[in-house]
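Here are the chains, one letter per residue:
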Amino acid sequence: MLSVHPVNDTYLGLPGYVFAWAIFIAGLSLFFYIIYKRSLLIRSGEADPRLASLGRRLSDLLTYGIIQKRQPRYLWAGVIHIMIFWGFVVLGLRSIDLVTQGLNMPIFHPLMQTAFGPFYDSLKDLFELIVLGACLWAILRRALIRPERYRGSHQFEAYFVLGLISFLMLTDMFYEGSALLMDQSGQVKWLPASELAALILQGSAPRFLAGTHAVSYWLHILALFFFLNFLPLGKHFHIITALPNVFFKRLSKGAIKPARWGVEDIDELESLGVEKIEDFTWKHILDFYTCTECGRCSDNCPANAIGRPLSPKMLTIKLRDHCFDRAPLFGWKKGGAPAEGAQAMVGGIISNDEIWSCTTCGACEEECPVFIEYIDKIIDMRRHLIETSQNPKTFNQVLMHVEKTGNPFGKPAAKRADWIKEMEGTPVRALSEGDEVDVLFFVDSYGSYDPAAQSIASDIAEGLHIAGIDFGILGPLEKDSGHQVRRMGEEGLFQLLLEENMETLNEIRFNRIVTTDPHAFNTLKNDYPGSLQVVHYTQFFVDLVDNGSLKPLKRLEKEDMYTYHDPCYLGRHNGIYDAPRKLLRAIPSLNLVEMERSRDRSFCCGGGDVMLWYEIEQEEMRMAEKRIQMAKEAGANVIVTACPFCYIHFEDAIKTGGMEDEMRVVDLMGLLVSTLRN
Amino acid sequence: MNIIVCIKRVPLTQEVDLEVDELKKGVKKDALAYVINDWDNYAVEEAVLLQEKFGGTVTAITIGDEDDEEILRRALAMGADKSIRIEPGERELDGFVISKILAKTIRDLEYDLILTGVQADDDNAAMVGTMLAEELGLSHAAVVTGMEPEGSDAIIRVELEGGMDEVSKIKLPSLLTIQTGINEPRYVSIMGIRKARKKELVVINVEDLGLSEDDLAQRTMIEEVFLPPETEGAEMIEGDPSSVASQIIQIIKEKGVSI
Ligand SMILES: Cc1cc2nc3c(=O)[nH]c(=O)nc-3n(C[C@H](O)[C@H](O)[C@H](O)COP(=O)(O)OP(=O)(O)OC[C@H]3O[C@@H](n4cnc5c(N)ncnc54)[C@H](O)[C@@H]3O)c2cc1C
Ligand code: SF4
Ligand code: SF4
């Protein structure tokens, strides 16, 4: 007996393919309608150019979209996901084949007649088993291990879809398995999934086999179209949007997006920032659609870890729900105003403290397998809060001071270089316009005025002096770099600082800029226009040690165990992980141990911006305190950083935590200089 | 409720090593950064809050040169509707002259309330508010920390010495000198200030006001400005913050304060 294709049977007096066509047309029309509806909001989003560097985009798409390099950062979940993803890739062809068979347009028939046919049949069978196994594994993981990061995600949907995928696998297995038993043609193929089904069906009556064959086919096709239409309704939209989202991912790090893309002069703008959902860029709206709710972002978010009211995943989930509310499948017209009395997005759906909780550390973005962006969105919402005077009141004076005196302390600009008077034996040149110098040391506000940061600046100056470098500082000519100001959402003030600093920099001839802190480094390098030659001091000094200009010879006095804390703006935002470690290893007899969360998984110290001037009340402990604990757990008693803000936060946390006897914080520069002095 | 707020631009002197000028009549001002007088910032905020609640217009006025327009734009960005700058030219001003000029300017305007700061953070004379009220024949209250309109009156809270408050009723129109802390002034962004350029800013020359030379003659004659002489007996406490703090506690204890 040969199996009859189910569509060639008649049902209710009509040939099967009529039903197949009906399902196909209905399923596809509905799908396109939903996608059209979903696209409305994306199209009403703000501009966001994402087409430059096509080559890089394609190679990233391959690395992160197809090979899914970020998935195994969570090993088993990653493996499961890769298995299912690759299953989808392989089985996609099978699905199209099954559908087109039903439409009586078996377009793959010729292909399947070639040598590829039997190979593909075996391959898809293998993958059906793999996907089925992966789904079961995923269900068990969710149910038994219950990873914390799934809290707040749509769990039912996850189980439902895992079930649905399994159902698709099973229906195809039984469709083929029943055919195997009915087919006496004696073809020998390796079909592990179908054979497994056949084993189960073994000995069934021919009628039952024929029935199973037909029912499996129809259920499979129905489930397939149901699945297709179900995807855009929730987190499984990512199955459609993830690859485009990875393709359009941000290529550069560190910089904050302009207030509006394509607008040179912010004076032209009616308003800055994001108030309502359509104020986000189209890509950011695509981000909301793409979130898989995997929770990796929140799992790494330091704000979330210390109990602040921010979980990046929840922020996205809330905003996606809001997208769906604002642009529902039925009824929304482009540009429609939010319903009367509806909760505001900024300040309502997303609370102000949620927005101010973020330290812009970038841990979330580093982790997200589909490259969802957070920092730019949060800054855009902050811009709105600043513009509408909804910022924490403690910012008022800080920002006014920066505007008026060029530093957040409100100290006189004339005293910006006062710290160099304290330096005995190290001449530091304060540059004036027209001067020429090899290295321009950009000290920034903290290095210039804050006592703790000043001592780091002094150490850098001393190091430069010992190495015989021709260097100078801008002194009163220097204005705050604006790194914090920009990240607090005060874009206008940032632009002002940038203009003033650029004017000064244009008047001085220098080869490169060295900065005290990673924040100034980041903003000069990434936020400022043009391509300033900027390096952080760790990069600069590692070269000096490498080429023998500096020899850290003096042995450390005490037997300590050191650990290095990667500052977010040095590590994650700028990829500098090795220079500081190399410097540490160059110091004789220094014992170094790594914390579990190091390099791109470093845990923020509390941050160099908002945190300095605003305390989020809802907090279980300080970030710095948690970080010190991590250092302790790693077995270290000295935590080394390369950022004045980390230093300040850690010092504070050690004191307030009463850990002065067990833990110490040092800046890498201080440590290095101490091994250079006689 | 139509409100007029008088505001002044003053130097930020915190931590500045002030130097007396050659004539010994003032301090060198060229390196100083200027801001809106803190008290006036609260006064503008109070005016804007009242306007947001009860309607009407807020007009900000300053006597000063073009650079001083910055604080008018700041006031406009905070929510004031109009602003007036009176250009004093080369004239020297003191509290008396200022109150004369303000009174002359305000007399023809429509208002229910005039707000000034208690004092200005430059000379700290605290004269203008009360003198202006006198000049306009208005009821007034100084050092106001609360204000709630009630029909044609207002219930006001005034800060007294010794941490005491006094609540009373004042008949409008009247003049209040506003104390810091009465509200929480809002931040206005640089962009907000720039956009406020679109709002009305009228410039009047002081010579066009029709004031007599006597009105414009200063009554405060500065003989000499000098830095306080360094005196004996000050003890500088050196060290890191925690050791400084413990030394201070020690001294306080020695002086007999139980803590
Ligand atoms: C806590 C606090 C801090 C202040 N700080 C300052 C400050 O630093 N600088 C500043 O300039 N202002 C300051 N003031 C404000 C100042 O006190 C008032 O603005 C001003 O004094 C208002 O005058 P008044 O009409 O209330 O008269 P009062 O303060 O009551 O009196 C002023 C003077 O008028 C005369 N006088 C009053 N009544 C009589 C009478 N019956 N008979 C004869 N003579 C009389 C007396 O010479 C008296 O000293 C402060 C006020 C307070 C409550
Ligand atoms: S940038 Fe850092 S603090 Fe902000 S949401 Fe991401 S992980 Fe959390
Ligand atoms: S934003 Fe990215 S990391 Fe976070 S839950 Fe969504 S997909 Fe996962």
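Just above, that's the structure.
Residues numbered from 1 in each chain as written. Chains lettered and ligands numbered in written order. Predicted model: local features only at pLDDT ≥ 70, side-chain atom pairs only at ≥ 80, totals over all residues. Heavy atoms only, no water.

Draft legend 1. Seen up close, the overall build of chain A. For chain A, the helix and strand inventory stands at 28 helices and 11 strands. For chain A, the C-alpha atoms occupy an extent of roughly 100 × 60 × 45 Å along the three principal directions. Taking all 678 residues of chain A together, 58% fall into the buried category. Of the contacts formed within chain A by residues at least 6 apart in sequence, a portion of 80% connects residues at least 24 apart. Carbon and sulfur atoms form 58% of the exposed surface of chain A, whose accessible area is close to 27600 Å². (Helix = DSSP H or I, 4+ residues; strand = E, 2+ residues; numbered from the N terminus. Buried < 20%, exposed > 50% of the residue type's maximum accessible area, 1.4 Å probe, protein only. Contact = heavy atoms within 4.5 Å. Areas by Shrake-Rupley, 256 points an atom, 1.4 Å probe, with all protein chains shown as cover.)

Draft legend 2. Region of the structure containing the pairing of strand β4 (residues 436-442) of chain A. Residues and elements named next belong to chain A. The buried fraction of β4 amounts to six of the seven residues, a majority that puts the element mostly inside the structure. Across six bridges, the pairing between β4 and strand β6 (residues 509-515) is parallel. Residue Leu-440 lies in a different strand from β6, and its bridge partner there is Ile-513. (Pairing = 2+ DSSP bridges.)

Draft legend 3. Examining the side chain of His-649 of chain A more closely. Residues and elements named next belong to chain A. Locating His-649 in the fold gives a position in helix α27 (residues 644-656). The buried category is assigned to His-649, whose relative accessible area is 8%. In terms of polar contacts, His-649 uses its side chain to reach the backbone carbonyl oxygen of Gly-607, at 2.7 Å. Residues within four places of His-649 in sequence aside, it is in contact with Cys-605, Gly-606, Gly-607, Met-611, Leu-612 and Ala-624. (Polar contact = N/O pair within 3.5 Å; in protein donor to acceptor, adjacent residues only side chain to side chain.)

Draft legend 4. Inspection of the pairing of β6 of chain A at higher detail. Residue and element names in this part refer to chain A. Bridging between β6 and strand β7 (residues 534-536) involves three bridges; their strand directions are parallel. Note on β7: the bridge partner recorded for Val-514 is Val-535. In this view, the connection linking β6 to its parallel neighbour β7 by way of helix α22 (residues 518-527) has right-handed handedness. (Right-handed = clockwise from strand over helix to strand, strands pointing away.)

Draft legend 5. Structural detail: the packing of aromatic side chains. Residue and element names in this part refer to chain A. As enumerated under the stated definition, the model contains 32 aromatic pairs over all chains in all. Where Phe-116 meets Tyr-120, the ring centres are 5.6 Å apart and the plane angle is 25°; that geometry is what we call stacked. Of this pair, Phe-116 and Tyr-120 both sit in helix α5 (residues 116-145), separated by four residues, roughly a single helical turn. Overall, Tyr-120 belongs to the buried group, its relative accessible area being 4%. (Phe/Tyr/Trp six-rings, centres within 6.5 Å; stacked < 30°, edge-to-face > 60°.)

Draft legend 6. Seen up close, the sheet that holds β4 of chain A. Residues and elements named next belong to chain A. The strand order β3-β5-β4-β6-β7 describes an open sheet built from five strands, whose pairing is parallel. At either end of the open sheet lies a strand with only one pairing partner, and these are β3 (429-430) and β7. Pairing of β3 with strand β5 (residues 471-473), which is carried by two bridges, proceeds in the parallel orientation. Following the sheet pairing, Ala-430 is matched in β5 by Ile-473. Lying on the sheet, α22 is in contact with β4, β6 and β7; it crosses β7 at an angle near 160°. (Axes fitted to C-alpha atoms, helices over the stretch in contact; angles between N-to-C directions.)

Draft legend 7. Layout of the site of ligand 3. Inspection of the region around ligand 3 gives 13 residues, with Cys-291, Cys-294, Cys-297, Cys-368 and Tyr-374 of chain A positioned closest. A class-by-class count of the residues in the shell around ligand 3 yields eight nonpolar, two polar and three charged. (Near = heavy atom within 4 Å. Nonpolar A, V, L, I, M, F, W, Y, C, P; charged D, E, K, R; others polar.)

Draft legend 8. View of the site of ligand 1. Residues and elements named next belong to chain B. Around ligand 1, the structure places Ala-125, Ala-126, Ala-142, Val-143, Glu-159, Leu-160 and Glu-161. Contacts to ligand 1 include Ala-125, whose backbone N or O atom sits 3.1 Å from an oxygen atom. For ligand 1, whose accessible area on its own is 980 Å², the fraction buried by protein is 29%. Residues of the shell around ligand 1, tallied by class, amount to five nonpolar, no polar and two charged.

Draft legend 9. Spatial organisation of the pattern of salt bridges. Residue and element names in this part refer to chain A. On inspection of all chains with the given rule, the structure shows 73 salt bridges over all chains. The salt bridge involving Glu-46 is made with Arg-260; its shortest N-O contact spans 3.5 Å. Linking Glu-46 in the loop between α1 (16-44) and α2 (54-66) with Arg-260 in the loop between α9 (238-247) and α10 (282-290), this pair joins segments that are 214 residues apart in sequence. Of the residues examined, Glu-46 reaches a relative accessible area of 27% and is grouped as partly exposed. Its salt-bridge partner being Arg-94, residue Glu-176 comes within 3.1 Å of it at the nearest N-O pair. Taken as a pair, Glu-176 in helix α6 (residues 155-182) and Arg-94 in helix α3 (residues 75-102) lie far apart in primary sequence, 82 residues in all. For the pair shown, Glu-176 and Arg-94 are each scored as buried. What you see here is one network of salt bridges that share partners, running through Lys-257, Asp-380, Arg-383, Arg-486, Arg-487, Glu-491 and Asp-527. (Salt bridge = Lys/Arg side-chain N within 4 Å of Asp/Glu carboxyl O.)

Draft legend 10. Highlighting a nonpolar patch on the surface. Taken together, the side chains of Ile-248, Ile-249, Ile-252, Val-257 and Ile-259 of chain B make up a nonpolar region of the molecular surface, amounting to roughly 410 Å² of accessible area. Relative to the helices and strands, Ile-252 of chain B is located in helix α6 (residues 241-254). (Patch = residues over 30% accessible without salt bridge, like charges linked within 9 Å, V, L, I, M, F, W, Y side chains within 5 Å.)

Draft legend 11. A look at the interface of chain A and chain B. Contact residues are listed per partner, giving 27 residues for chain A and 20 residues for chain B. Across the chain A to chain B interface the summed buried area is about 2100 Å²; carbon plus sulfur atoms make up 52%. Our count for the chain A to chain B interface comes out at six salt bridges. If you look at where chain A meets chain B, you find 14 residue pairs in polar contact (both at pLDDT 80 or more). Broken down by secondary-structure element, the contributors of at least two residues to the side of chain A that touches chain B are α16 (375-387), α17 (394-405) and α21 (491-506) of chain A. Per-element accounting of the side of chain A that touches chain B gives the leading share, seven residues, to α17 of chain A. (Buried area = accessible area lost by both parts, 1.4 Å probe.)

Draft legend 12. Local environment of the environment of Ala-193 of chain A. Residues and elements named next belong to chain A. Within the secondary structure, Ala-193 is located in helix α7 (residues 192-201). Separated by 71 residues in sequence, Ala-193 and Ser-122 place their C-alpha atoms 8.8 Å apart. Setting aside its immediate chain neighbours within four residues, Ala-193 contacts Asp-125, Glu-128, Leu-129 and Met-173.

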